[in-house]
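Chain by chain, the residues run as shown.
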Amino acid sequence: MPVTVVIGSQWGDEGKGKIVDLLSERMDIVARYQGGANAGHTIVWGDRKFVLHLVPSGIFNEGVTCVIGNGVVIDPVAVMDEIRMIKELGYEVEGRLLISHNAHLIMPYHKMIEEARDRSAIGTTGRGIGPAYVDKFARSGIRVVDLLDRDVLRRKLKASIEEKNAILKSVYGAQELDVEQIIEEYVEFDKLIDPYIKDTTEYLADALKQGKQVLAEGAQGSLLDVDFGTYPFVTSSHPTVGGACTGLGIPPTEIRRVIGIVKAYSTRVGHGPFPTELSDATGERLRAVGHEFGATTGRPRRCGWLDLVALRYSTAINGFTELAITKLDVLSGLDTVEVCTHYRLPDGRLSQRFSSDVATLERVEPVYERFEGWSENLDGIEREDDLPKAARVYLDFVSRRLEVPIRLVSTGPHRDQTVHSTIGSAAS
Ligand code: IMP
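Note that the structure is predicted; figures quoted are calculated from it, not measured.

### Section: the overall build of the chain
Counting secondary structure elements, the chain contains 12 helices and 20 strands. Its C-alpha radius of gyration of 22 Å places the chain within 12% of the 22 Å reference for a compact globule of 428 residues. Principal axes of the C-alpha set define a box for the chain whose edges measure 65 × 50 × 40 Å. Looking at the chain residue by residue over its 428 residues, the buried ones come to 57%. If you take every contact in the chain between residues at least 6 apart in sequence, the share linking residues at least 24 apart comes to 75%. Surface exposure of the chain reaches about 17,700 Å², of which carbon and sulfur atoms provide 49%. Between the mean site of the 50 positive side-chain charges and the mean site of the 61 negative ones, the chain shows a separation of 3 Å.

### Focus on the environment of cysteine 340
Counting through the fold element by element, cysteine 340 comes out in strand β16 (residues 336-344). Excluding its chain neighbours within four sequence positions, the residues that come into contact with cysteine 340 are Thr276, Leu306, Asp307, Leu308, Val309, Pro366, Val367 and Tyr368.

### Quick notes on the packing of helix α3 (residues 108-116) against helix α4 (residues 129-137)
Interhelical geometry of α3 versus α4 gives an angle of 115° and a closest axis separation of 7 Å. For the crossing formed where α3 meets α4, the hand is right-handed. From α3, Tyr109, His110, Ile113 and Glu114 reach across to α4, where they touch Ile129, Pro131, Ala132 and Asp135.

### Notes on the nonpolar core
Membership of the largest hydrophobic core comes to 56 residues, with the highest contact counts inside it found for Val5, Leu328, Leu331, Trp374, Tyr394 and Leu395. Element by element, the count of residues in this core is highest for helix α12 (residues 389-402), at 7 residues. Setting aside residues no more than four positions away along its own chain, tryptophan 374 makes contact with Leu328, Leu331, Ser332, Gly333, Leu334, Val337, Pro388, Ala390, Ala391 and Tyr394. Core analysis: the second largest hydrophobic core is formed by 55 residues, Leu23, Val79, Tyr186 and Phe189 among them.

### Comments concerning the site of the ligand
Asn38, Thr125, Thr235, Val269 and Arg299 are the nearest of the 15 residues found near the ligand. Note that an oxygen atom of the ligand is positioned 3.3 Å from one of the backbone N or O atoms of glycine 123. The residue inventory of the shell around the ligand, partitioned by class, reads 6 nonpolar, 7 polar and 2 charged. When residues of the shell around the ligand are sorted by domain, at least three fall in each of domain 1 (3-100 + 199-427) and domain 2 (104-196).

### Brief notes about the domain arrangement of the chain
The domains assigned to the chain are domain 1 (3-100 + 199-427) and domain 2 (104-196). Between the C-alpha centres of domain 1 and domain 2 the distance comes to 30 Å. Regarding the contact of domain 1 and domain 2, the summed buried area is about 2,300 Å², with carbon and sulfur atoms giving 61% of it. At the boundary of domain 1 with domain 2, the tally comes to 1 salt bridge. With a closest N to O distance of 2.7 Å, aspartate 75 and lysine 111 form a salt bridge. The set of elements that each furnish at least two residues to the side of domain 1 that touches domain 2 consists of β6 (73-74), α2 (76-88) and β7 (97-100). Counting residues per element, the side of domain 1 that touches domain 2 draws most heavily on α2, at 5 residues. Across the side of domain 1 that touches domain 2, the residue classes break down as 15 nonpolar, 14 polar and 4 charged.

### Some remarks on the packing of aromatic side chains
The full count for this structure, using the stated rule, is 8 aromatic pairs. With centroids separated by 6.0 Å and ring planes inclined at 80°, the aromatic side chains of phenylalanine 371 and tyrosine 394 adopt a geometry described as edge-to-face. On the criterion of sequence distance, the pair formed by phenylalanine 371 in strand β18 (residues 365-372) and tyrosine 394 in helix α12 is long-range, its members being 23 residues apart. Comparing phenylalanine 371 with tyrosine 394 shows no difference in burial state: the two are buried.

### Considering the sheet that holds strand β11 (residues 255-263)
Spatially, the 10 strands line up as an open sheet ordered β9-β7-β5-β2-β10-β1-β11-β15-β19-β20, and their pairing is mixed. Where the open sheet ends on each side, the last strands, each with one partner, are β9 (197-198) and β20 (418-420). Lying on the sheet, helix α7 (residues 200-209) is in contact with β1 (3-8), β2 (29-32), β5 (65-68), β7, β9 and β10 (214-217); it crosses β5 at an angle near 140°.

### A short note on the environment of glycine 319
Structurally, glycine 319 is set in the loop between α10 (308-318) and β15 (322-326). According to the relative accessible area criterion, glycine 319 is partly exposed, its value standing at 38%. Linking glycine 319 and leucine 278, residues 41 residues apart in sequence, is a C-alpha distance of 29 Å.

### Some details on the environment of lysine 18
Along the polypeptide, lysine 18 turns up in helix α1 (residues 16-23). Classification of lysine 18 as buried rests on a relative accessible area of 10%. Sequence separation between lysine 18 and leucine 215 is 197 residues, and the spatial gap between their C-alpha atoms is 13 Å. In this structure, lysine 18 is in contact with Thr42, Ser410, Gly412, Pro413, His414, Gln417 and Thr418, ignoring residues within four places of it in sequence.

### Considering the side chain of asparagine 318
Mapped onto the secondary structure, asparagine 318 falls in helix α10. Within the structure, asparagine 318 has its side chain in polar contact with the backbone oxygen of serine 314 (distance 2.9 Å). Contacts of asparagine 318, omitting those with residues within four sequence positions, involve Ile7, Ser222, Thr240, Val241 and Val258.

### Quick notes on the pairing of β1
With 6 of 6 residues buried, β1 lies mostly within the body of the structure. Where burial is concerned, the two faces of β1 agree: the one with Val3, Val5 and Ile7 and the one with Thr4, Val6 and Gly8 are both buried. Strand direction decides the pairing type here: β1 and β11, joined by 6 bridges, are parallel. From the neighbouring strand, threonine 4 faces β11, where its bridge partner is arginine 257.

Calculation criteria
- Residues numbered from 1 in each chain as written.
- Predicted model: local features only at pLDDT ≥ 70, side-chain atom pairs only at ≥ 80, totals over all residues.
- Heavy atoms only, no water.
- Helix = DSSP H or I, 4+ residues; strand = E, 2+ residues; numbered from the N terminus.
- Rg over C-alpha atoms; globule rule 2.2 N^0.38 Å.
- Buried < 20%, exposed > 50% of the residue type's maximum accessible area, 1.4 Å probe, protein only.
- Contact = heavy atoms within 4.5 Å.
- Areas by Shrake-Rupley, 256 points an atom, 1.4 Å probe, with all protein chains shown as cover.
- Lys, Arg positive; Asp, Glu negative; His and termini not counted.
- Charge placed at Lys NZ, Arg CZ, Asp CG, Glu CD.
- Axes fitted to C-alpha atoms, helices over the stretch in contact; angles between N-to-C directions.
- Left-handed = near helix turned anticlockwise from the far one by under 90°.
- Core = buried A, V, L, I, M, F, W, Y, C linked by side-chain atoms within 4.5 Å.
- Near = heavy atom within 4 Å.
- Polar contact = N/O pair within 3.5 Å; in protein donor to acceptor, adjacent residues only side chain to side chain.
- Nonpolar A, V, L, I, M, F, W, Y, C, P; charged D, E, K, R; others polar.
- Domains from an automatic or database assignment.
- Buried area = accessible area lost by both parts, 1.4 Å probe.
- Salt bridge = Lys/Arg side-chain N within 4 Å of Asp/Glu carboxyl O.
- Phe/Tyr/Trp six-rings, centres within 6.5 Å; stacked < 30°, edge-to-face > 60°.
- Pairing = 2+ DSSP bridges.

Here it is as structure tokens:
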């Protein structure tokens, strides 16, 4: 089983951090393949809580080497802050964190352009992600490797900042940047990041040859994918399975397990269509009980029922071989639990097809199957058979509809609040 990929199946915030943290116990390498500091992975140990934005959550397992792949866009300030925090917690980072020399850097002007463009239109996180990927594909980005040669860095930065200054001034009427000051800052950053820079593609190829176990960790969720998500209300990278190959340089033939992380209900942060959104007391309850506030921006997340139409789409794109259901505990105490199985189209027809077209998706009406709820607190449950019967019925339905077995059920943020499951295994 050389490569396992962990993917958010919905709109992000499915609880991938905890699952990666758990799985990394059996891994040699945990590698992040896309996104940037827009992600926030929350890890809880005892009464301690950490949020990681860039460094893979496997860093807290000492035998694991963590990789930030070429597909990630790196905010120097964020990555250095995280390294400092991890060191303060007593973990060795040098030699255990490798940053791809081909990863692109987020520059101060990326955040400025995002702000100036009015990020409220999409509801982006303000971390400069979109503008950094624009530069990458316009072939004017600055990469980690550029830090190694001061002259190259100076030349590229000067050209880029001059261009950005013209845009900031004439298009947005915003303040211009000081070229020399930015060059100084990045030269400083170079000294700090130097020990971590590596040709991570070569490193991963060698590791796979030696039979090492690699966990590829996606950020955000499949429905925020720039191609497959609800464009333009998406992020600027590929959280879906193909992103693991291009964002790390690993061949698809090495991927044996694709784990879809499914939150037991749905959430979305930022704008864009969300067919099962609940704007009522149940939605508010899910937000309050599930602590559904952004780990990066603190924004309240929009909440709703599980959407099997969207999940079937996500399963088709990613080829999930198994599912991990998270936050099942949040549903405890509800009289009934609903699951969207179809969309009703404006002409009255029922459809199981998810359209990523925003105009179409905004007009569909969710059709629900209703399940009996359960009142039991799920804390302390270790065995699948000890889950309330109604919860098992709910999970069984989800697994059957998606035709994918459920291997893990998370019932709380702590490592031990996890139940190994065989639900749907016979069918797989
Ligand atoms: P960006 O990634 O900052 O460009 O934001 C684009 C969209 O993706 C916005 O709707 C964000 O709220 C959303 N987004 C970005 N990162 C995350 C995440 O980690 N979880 C959930 N939504 C995210």
